[in-house]
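Chain by chain, the residues:
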Amino acid sequence: MSSAEVLAADEPPTSPSPGPAPARRRGLPPLARYLLVRLALVVPMIWVLVTLVFVLLRVIGDPITAAQGGRLTPDQIAQRKADAGLDRPMLVQYWEYVSGLVRGDFGTTLTDNQPISQILKVNGAATLELTLYALVVAFAIGIPLGRLAARYRDRLPDVTLRLFAIVAYAAPVFFVGLLLKLAFTPFGWPSSGRASTTTLLTLQDVKPRTNILLVDAILWGDPGYVLEVLQYALLPALALGLLTGGVFLRLVRINLLQTLRAEYVTAARARGISEGRVVRKVAFRNALVPVVTVMGMQIAMLLAGAVLTETTFEWKGIGYMLAEYLKARDFLAVQGIVTLIALVVCLASFLIDVIVALVDPRVRF
């Protein structure tokens, strides 16, 4: 062996050059980036909806003439237009309308001269309360029954529950409400209003007043008032909640059946895990993701159904007030209420997107 070979053998082996380090991804995390994009989309969506409400309620003509035409003289109508600012150019009216919304000013009603923002505050709390009750009913009906239907696929419980879901979704809300009133009223169950007159007058003095009767009753500290508020809320909540409960039942069933065919569920069965535990612990959580996704659309459906439900049960929320102002042809009040509903739907859709992003990481990429 030559001296060069000996020296080469004594030298430590040279490692290959490491090369350039892999580039690190810079910027915001995927979740933050996704939420910022969704938030940025909310602003133009709200602007489009607000503009549509403004334009569509001007297409029918002048609100003052539509509400008071035939009952006031032309001079009185012209004076009312000037007082409401409806004699100004359309662009000026639009600017005042949008800038007022930014300040929280929805205008004033034509028929009773009330601030629309006050109506939205008081009656909107009633609709919020009813919507929350209906969501509780929808989850209590749709989720466990959907899981039960998936577990007994194509057997009698599944067929029965699918028929129930179709009927619950297809039946008109006012018709279900009338059936509930006919069924429960003979037994003395309250079926009109949010509470008795005595309770309503008493809870007006609670501090701080939230206009959500259940919260106000809890703050007052009398269990009798809490029980009464829940009794009055049961029938409207059932009538409105059944509509969404049928949707949730079908969604949970379909998605749970798809999840039960996944490979990781098959592996769980191969390990000897019982079918009930597979449904309850392995597949059920993933099957709930699509339910959360469609909740935004269901909230819009609940708000639409609240108009008929509140009218049927004389539940004085914004749906009830919308019907009253439509009958009075007070289109400025209608404009404010519809605008609020559009804003609520947009914000609810954004919040649902946030919840889905936290539950399911796949939507972030």
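Above this text is the structure in question.
Within every chain, residues take consecutive numbers counted from 1 along the sequence as written. Given that the model is predicted, a residue must reach a pLDDT of at least 70 before its local features are reported, and side-chain atom pairs must reach 80 or more before they are shown or counted; all residues, however, enter totals for whole chains, interfaces and linings. The basis for every side-chain value is the complete set of non-hydrogen atoms in the structure, without hydrogens or water.

### Things to note about the overall build of the protein chain
Numbering goes from the N terminus for both helices and strands, where a helix is a DSSP run of H or I of at least four residues and a strand is a run of E of at least two. Counting secondary structure elements, the protein chain contains 16 helices and zero strands. Throughout, exposure labels follow a simple rule: accessible area from a 1.4 Å probe, protein chains only, divided by the maximum for the residue type, with under 20% read as buried, over 50% as exposed, and the rest as partly exposed. For the protein chain, with 365 residues in total, the buried portion stands at 42%. Contact criterion: two residues are considered in contact whenever any of their non-hydrogen atoms come within 4.5 Å of each other. Considering only intrachain contacts with a sequence separation of at least 6, the fraction spanning at least 24 residues in the protein chain is 71%. Surface accessibility follows the Shrake-Rupley procedure with a 1.4 Å probe radius. Residue values consider only the protein chains on display as shielding. Carbon and sulfur atoms provide 66% of the accessible area of the protein chain, an area that totals close to 20,700 Å².

### A short note on the nonpolar core
Across soluble globular proteins, you tend to see nonpolar side chains buried next to one another. Among the nonpolar cores identified, the biggest contains 28 residues, and Tyr133, Val176, Val229, Leu240 and Trp315 are the most heavily contacted of them. Breaking this core down by element, the ones donating at least two residues are helix H6 (116-151), helix H8 (173-184), helix H10 (213-220), helix H11 (223-260) and helix H14 (295-313). The element best represented in this core is H11, accounting for eight residues. When near neighbours in sequence (up to four residues on either side) are disregarded, Val176 contacts Ala171, Ala239 and Leu242. Here, the term nonpolar core denotes a set of buried Ala, Val, Leu, Ile, Met, Phe, Trp, Tyr and Cys residues that are joined through side-chain atoms within 4.5 Å. Grouped together as the second largest cluster of nonpolar side chains are 26 residues, Leu120, Tyr325, Val334 and Leu340 included.

### A look at the packing of H6 against H11
Between H6 and H11, whose axes approach to 5 Å, the crossing angle comes to 35°. You can see that H6 and H11 cross each other, and the crossing is right-handed. Residues belonging to the contact of H6 with H11 are distributed by class as follows: 24 nonpolar, five polar and three charged. Lines are fitted to the C-alpha atoms to define the axes, a helix being fitted only along its stretch in contact, and any angle between axes, read from their N-to-C directions, falls within 0 to 180 degrees. For any helix crossing, the convention is left-handed if the near helix is rotated counterclockwise from the far helix by under a right angle, and right-handed if that rotation is clockwise. Three residue categories are used. Nonpolar comprises Ala, Val, Leu, Ile, Met, Phe, Trp, Tyr, Cys and Pro, charged comprises Asp, Glu, Lys and Arg, and polar comprises the others, including Gly.

### Some words on the pattern of salt bridges
Here, a salt bridge means any side-chain nitrogen of Lys or Arg that lies within 4 Å of a carboxyl oxygen of Asp or Glu. In total, this model carries six salt bridges according to the counting rule given. Ionic pairing is found between Arg153 and Asp154, a salt bridge with its closest N-O pair at 3.7 Å. Judged by its relative accessible area of 43%, Arg153 falls in the partly exposed class. Between Glu324 and Lys327 there is a salt bridge, and its shortest N-O distance comes to 3.2 Å. Of the two residues, Glu324 and Lys327 are both situated in helix H15 (residues 318-327); the distance of three residues between them amounts to about one turn of the helix. Given a relative accessible area of 62%, Lys327 falls into the exposed group. What you see here is one network of salt bridges that share partners, running through Arg153, Asp154, Asp158, Arg162 and Arg253.

### Looking at H11
Here, expected helix span is obtained from the residue count minus one, scaled by 1.5 Å. Under the 1.5 Å per step criterion, the end-to-end length of H11 is only 45 Å for 38 residues, more than 12% shorter than the ideal 56 Å. The angle between axes fitted to the seven-residue stretch ending at a residue and the seven-residue stretch beginning at it gives the bend at that residue. Helix geometry: H11 is bent most strongly at Leu234, by close to 35°, with proline Pro236 lying one to four residues after it. Here a polar contact is recorded for every N or O atom pair within 3.5 Å, except that within protein the pair must consist of a potential hydrogen donor and a potential acceptor, and residues adjacent in sequence are included only if both atoms are side-chain atoms. The backbone nitrogen of Gly224 lies 2.9 Å from a side-chain oxygen of the residue at the head of H11, namely Asp222.

### Re the side chain of Asp216
Along the chain, the position of Asp216 falls in helix H10. Arg209 provides the closest opposite charge to the buried, unpaired Asp216, separated from it by 4.6 Å. A polar atom in the side chain of Asp216 sits 3.2 Å from the backbone nitrogen of Asn211. His is not counted here, nor are the chain ends, while Lys and Arg score as positive and Asp and Glu score as negative.

### Observations regarding the environment of Tyr232
Inspection of the secondary structure assignment puts Tyr232 in helix H11. Sequence-wise, Tyr232 and Gly193 are 39 residues apart; in three dimensions their C-alpha atoms are separated by 7.0 Å. With sequence-adjacent residues up to four places away left out, Tyr232 is seen in contact with Pro190, Ser192, Gly193, Arg194, Ala195, Ser196 and Trp315.

### Regarding unusual backbone geometry
For the peptide bond that leads from Lys207 to Pro208, omega is -10°, which places it in the cis range. Assignment of secondary structure puts Pro208 in the loop between helix H9 (197-203) and H10. A positive phi angle, near 70°, is found at Asn211, a position not held by glycine. Here Asn211 shows up in the loop between H9 and H10. Of the residues examined, Asn211 reaches a relative accessible area of 8% and is grouped as buried.

### Structural notes on the packing of aromatic side chains
By convention here, two paired aromatic rings are described through the distance between centres and the angle between planes. Only Phe, Tyr and Trp rings take part, Trp by its six-membered ring, and two of them pair if their centres are within 6.5 Å. Stacked means planes under 30 degrees apart, edge-to-face means over 60, and tilted covers everything else. For the structure on display, the rule yields four aromatic pairs. Arranged with centres 6.3 Å apart and planes meeting at 65°, the rings of Phe184 and Trp189 form a pair that is edge-to-face. Of the residues examined, Trp189 reaches a relative accessible area of 28% and is grouped as partly exposed.

### Let's talk about a nonpolar patch on the surface
To count toward a patch, a residue needs a relative accessible area over 30% and no salt bridge; like charges are then connected within 9 Å, while nonpolar side chains (Val, Leu, Ile, Met, Phe, Trp, Tyr) are connected within 5 Å. A cluster of nonpolar residues, Trp47, Val48, Leu52, Val55, Leu56 and Val59, forms a patch on the protein surface that exposes about 600 Å² of accessible area. Within the secondary structure layout, Val48 lies in helix H2 (residues 30-59). Since its relative accessible area comes to 39%, Val48 is described here as partly exposed.

### Comments concerning the packing of helix H7 (residues 156-170) against H11
Axis separation between H7 and H11 bottoms out at 7 Å; the angle between their running directions is 140°. Comparing their axes, H11 and H7 come out oblique. Considering the relative orientation of H7 and H11, their crossing is left-handed. In this structure, H7 contributes Asp158, Leu161, Arg162, Phe164, Ala165, Ile166, Ala168 and Tyr169 to the contact, and H11 contributes Leu242, Leu243, Gly246, Val247, Leu249, Arg250 and Arg253. Across the contact of H7 with H11, the residue classes tally to 10 nonpolar, one polar and four charged. Any angle that falls under 35 degrees is termed roughly parallel, while one over 145 is termed roughly antiparallel, one within 65 to 115 roughly perpendicular, and all others oblique.

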